[in-house]
Protein chains: 4
Amino acid sequence: MYNLLKGKKGIIFGALDSKSIAWKVAERSHEEGAKFVLTNAPVAMRLGTINELAEKTGSEIIPADATSMLDLENLVDKAMEILGGKIDFVLHSIGMSVNVRRGNHYTHQDYNFTKTGWDVSAVSFHKVMSVLYQRNAMNEWGSIVALTYMAAQRVFPDYNDMADNKAYLESIARSFGYFFGRDHKVRVNTISQSPTPTTAGSGVKGFDGFIAYAENMSPLGNATALECADYTISLFSDLTKKVTLQNLFHDGGFSNMGVSNAIMDEIMKNETSNETVEESKKKDKK
Amino acid sequence: MYNLLKGKKGIIFGALDSKSIAWKVAERSHEEGAKFVLTNAPVAMRLGTINELAEKTGSEIIPADATSMLDLENLVDKAMEILGGKIDFVLHSIGMSVNVRRGNHYTHQDYNFTKTGWDVSAVSFHKVMSVLYQRNAMNEWGSIVALTYMAAQRVFPDYNDMADNKAYLESIARSFGYFFGRDHKVRVNTISQSPTPTTAGSGVKGFDGFIAYAENMSPLGNATALECADYTISLFSDLTKKVTLQNLFHDGGFSNMGVSNAIMDEIMKNETSNETVEESKKKDKK
Amino acid sequence: MYNLLKGKKGIIFGALDSKSIAWKVAERSHEEGAKFVLTNAPVAMRLGTINELAEKTGSEIIPADATSMLDLENLVDKAMEILGGKIDFVLHSIGMSVNVRRGNHYTHQDYNFTKTGWDVSAVSFHKVMSVLYQRNAMNEWGSIVALTYMAAQRVFPDYNDMADNKAYLESIARSFGYFFGRDHKVRVNTISQSPTPTTAGSGVKGFDGFIAYAENMSPLGNATALECADYTISLFSDLTKKVTLQNLFHDGGFSNMGVSNAIMDEIMKNETSNETVEESKKKDKK
Amino acid sequence: MYNLLKGKKGIIFGALDSKSIAWKVAERSHEEGAKFVLTNAPVAMRLGTINELAEKTGSEIIPADATSMLDLENLVDKAMEILGGKIDFVLHSIGMSVNVRRGNHYTHQDYNFTKTGWDVSAVSFHKVMSVLYQRNAMNEWGSIVALTYMAAQRVFPDYNDMADNKAYLESIARSFGYFFGRDHKVRVNTISQSPTPTTAGSGVKGFDGFIAYAENMSPLGNATALECADYTISLFSDLTKKVTLQNLFHDGGFSNMGVSNAIMDEIMKNETSNETVEESKKKDKK
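An account of the accompanying structure is given in this report. Here the structure is a predicted model, which is why all the values come from computation and not from measurement.

Looking at the interface of chain A and chain C
Part 1: If you look at the interface, chain A gives 43 residues, while chain C gives 43 residues.
Part 2: Counting each side, the surface lost to burial between chain A and chain C is near 3600 Å², with a carbon and sulfur contribution of 61%.
Part 3: The three residues of chain A that bury the most area against chain C are Leu 220, Leu 239 and Lys 242 of chain A, which together make up 24% of that side's buried surface.
Part 4: Seen at the junction of chain A and chain C, the total is two salt bridges.
Part 5: Linking Lys 242 of chain C and Glu 227 of chain A is a salt bridge whose minimum nitrogen-to-oxygen distance equals 2.9 Å.
Part 6: Our enumeration of links across chain A and chain C arrives at 16 residue pairs in polar contact (both at pLDDT 80 or more).
Part 7: Those elements that provide at least two residues to the side of chain A that touches chain C are helix 7 (162-184), helix 9 (225-236), strand 7 (247-250) and helix 10 (261-272) of chain A.
Part 8: Per-element tally for the side of chain A that touches chain C: the top contributor is helix 7 of chain A, with five residues.

Rendered as structure tokens:
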């Protein structure tokens, strides 16, 4: 709509289906004049509908397991070949907890699953940047964005070990962002997005109730996947060249709320409906 | 109980009655072997029962309006005279919003009231430290603590302009703390305490419901006034000599919670009891 | 260049001369298709060259003392009249410390000056929003931005009482942003900008050296006034509709640096040039 | 000295030699009346002098590899047997980066080393708490503390992948702290300590220069290992029962400094000694 990414070349990780934030980012990047390649893990490609997105946006798909340096090296080489030059923007939208999938409680993890989730959800971001950095594959004033969630700062009990993975991911953004900025003038940021009803997000227990809670807590309501794509475009554009090492909340204001009137109203309704705090707490522990 | 403050001399602001945190701090300081003077504004002295506390702890009371430099200079001079030397610890527990008292909504303040609240609740902390600093009245490794609330970081709608006053107060702790540390090895910190049912706190609308909310959100429940006094003692003691410029949350974990299971349970109960988020939001705006 | 603000109407406070960030925001808003009015205090209008900017951007100037509710009411009424409807974006770029101007040390303030600086630099932001809110003068999904500085979070000794004013300002953004978001879907954010060599900034002692320090600490170097204007445009645009209550660092990464290699190199040079830490510290206190 | 830990039972990880913070914590815990067991990895026990500490404090040593659930289960069982009951306090002071040891640059890691460092430095904290939680081995109002460093929040280029490990560790403290608080009234916090010249810390490149930098930046100077032990005692004691999920800076104020006068003086010396910022930056990149 604005030609904000005219002439820019990108790599977009993690578009599973049309609910994915990465999918919306691809669509919006296309509208803004960018060329890009899409990539996802082979297994995710089979589960999703990425081919449809590729057709729609005139993009090629390069399968890559984001935990494999070989795959990532191949991806970056091919992307530069296809796009005809260095990369201007990268979206990392990858996350998965085996402990969540298998129903392991946070306090009782299978540490092999913990390792796999950490590798896929967090270390993959380091690997992507490592390949880009070593191959000198980013243009100056390029922009790298990873999606994250506020569980990295505050406790959301059902988010499980993904909270710790996101904390590690955000730390990578700062640590690697320093070197990428100093040496290649590339910025690295994370967007901490509202809970979003993507296919991946739906795996988390009680997700619908939680989305309603966040909606009621946030003065502007939850941010949608499309709004997240818009925000991502602003971070890929030349309007934000000096924003780096930041974790940027995109959440209708949730992150800076202590409590909203709407939530207090709900709580008060219960208080008067005759159940004491103590009773509710006891139940909670069972 | 531990003799943690044996031989230390202090000034304690803001003990109104036996519910006051400052009152508990005075009692605990006395138990830990400290000598101190009590002070409060003349009007607060009439409203409260500070004489009882003075008797109980063998302390003298020096009335002082904390917005008056003259009163504060007199206070510090007299305190050193009475205690026989320089000061080791100071508690600032002063806060008041005229806008809250008069029922003005945050968006519709009387700016003369705003100014008075700011002066009493925040600037008074600067004035206290300014007098102590200029008179060279603090011993090395002394400790200055002010009480604050998390509304300085996050929105609690009914906290009104006290939120902004607390933000200013916490900034003073950092700004003045630098000079007091560098020049006199004095540390300056704020304690960000759970909502506490003091006589002052009770003025805020819907306070009881809010206390229940915070209780349910915090893994350890709300911190009491007595527990806050214990924590304050640790900050006055020699165990924390290198802690400075910090805002320290003393809140059973509330500050780092996104949501607790107990709160989600309450919310879910409502969701199933058939009112939609939209309806609840509409009501909220009326 | 992108038509990002096509059809949008704004009010821009604080364009003194061509070095001002507000000046650049006006120029960039004009390029992006916005219509707006300019405003500044009468005294600032005489000192600066705002007429030139008005001509260049086809804007009218409405003088207003931002501490006067009457002036602000007149401003908002006139602005809607001139622009032909409600407002979409507002820039607050106002700050001034009388204590700094008069050379008062932070520890030794004239509290009348403190009050004036607080009123001009911080409360003015509340007053501006209060008038907009009460007159229902903002369009839905409008955007209000105030400029701030990281001294609100961390100590920069020469920033004096402006640090505390900025902390208060940022708190207002959150407190008022809640009500403005909930009731009118308006977002409110602050941009925490690199030290910038504006005419106003130059008043601060040792500013040039400090700019060099920040430049060396930041992986991308300091953000310029023009880059700040670009970033502000992104926050006025529809790309950032769900960003609210945030304090957004626009500083080349400074805010998340512990230390850079460039700064360590400078420090190490001194260490080897034979002056001990202790000697340097002693000098510092004189 | 104060009997603060009289009757309390603990487990202390990570006392290598007399420079270790864990060593000082053990000595201070002993002085404060606690009984505890010491533990370390077999290899660390051979390198260090933990036997001396055991003798001095009348403690038993139970070797345990903190990445091994079996070892940790044995440790906790034996500790309860030896101490005659449940545990009141735990210190986790474990950290090691193979990438740092082998001289791998942050941008060019060996990911097997990354995994090992993460497992030893961060996941071990989860494993320790998991065993304690599942065995119901902590007394109510017990206290668990892990040592961390500010590289988890801000960039210190030479800290390498330990920065990311510490971010993960601090996230574990919050995530597990919620469940441990809710279910057993146990608090979990991290202490973010000044750079400390321990045997482990010395491995980091340019560490001496960095210690001098931190000393000059902090209004109270760096916190020593002994001071850190004092602070840890306060967190083990009953004075801090409602402090949980917190990351507590113990650093003489460093964490809230933007810049100190002492550092600016050093920088200015260089500016005037005729090297431009640009030249220094160029060098930095080589």
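Side note on the packing of helix 1 (residues 21-31) of chain B against helix 9 (residues 225-236) of chain B
All names here are of chain B.
Part 1: Interhelical geometry of helix 1 versus helix 9 gives an angle of 55 degrees and a closest axis separation of 8 Å. Relative to helix 9, helix 1 is oriented oblique. Taken as a pair, helix 1 and helix 9 cross one another with a handedness that is right-handed. Every residue of helix 9 that contacts helix 1 at Ile 21, Lys 24, Val 25, Arg 28 and Ser 29 is listed here: Ala 225, Leu 226, Cys 228, Ala 229, Asp 230, Thr 232, Ile 233 and Phe 236.
Part 2: Along the lines of polarity and charge, the residues of the contact of helix 1 with helix 9 split into eight nonpolar, two polar and three charged.

Details of the packing of aromatic side chains
Part 1: Across all of its chains, the model carries 64 aromatic pairs over all chains by this definition.
Part 2: Ring centres of Tyr 149 of chain C and Phe 156 of chain C lie 5.2 Å apart, and the angle between their planes is 50 degrees; this geometry places the pair in the tilted category.
Part 3: Since its relative accessible area comes to 8%, Tyr 149 of chain C is described here as buried.
Part 4: Phe 156 of chain C gets classed as buried once you look at its relative accessible area, which sits at 7%.
Part 5: A connected cluster of aromatic rings, assembled from ring pairs, spans Tyr 106 of chain A together with Tyr 133, Phe 176, Tyr 178, Phe 179 and Phe 180 of chain D.
Part 6: The residue whose ring lies beneath Lys 127 of chain C is Tyr 111 of chain B, and the NZ or CZ to ring-centre distance is 5.0 Å.

About the thresholds
- Residues numbered from 1 in each chain as written.
- Chains lettered and ligands numbered in written order.
- Predicted model: local features only at pLDDT ≥ 70, side-chain atom pairs only at ≥ 80, totals over all residues.
- Heavy atoms only, no water.
- Contact = heavy atoms within 4.5 Å.
- Buried area = accessible area lost by both parts, 1.4 Å probe.
- Salt bridge = Lys/Arg side-chain N within 4 Å of Asp/Glu carboxyl O.
- Polar contact = N/O pair within 3.5 Å; in protein donor to acceptor, adjacent residues only side chain to side chain.
- Helix = DSSP H or I, 4+ residues; strand = E, 2+ residues; numbered from the N terminus.
- Axes fitted to C-alpha atoms, helices over the stretch in contact; angles between N-to-C directions.
- Parallel < 35°, antiparallel > 145°, perpendicular 65-115°, else oblique.
- Left-handed = near helix turned anticlockwise from the far one by under 90°.
- Nonpolar A, V, L, I, M, F, W, Y, C, P; charged D, E, K, R; others polar.
- Phe/Tyr/Trp six-rings, centres within 6.5 Å; stacked < 30°, edge-to-face > 60°.
- Buried < 20%, exposed > 50% of the residue type's maximum accessible area, 1.4 Å probe, protein only.
- Lys NZ or Arg CZ within 6 Å of the ring centre and 35° of its normal.

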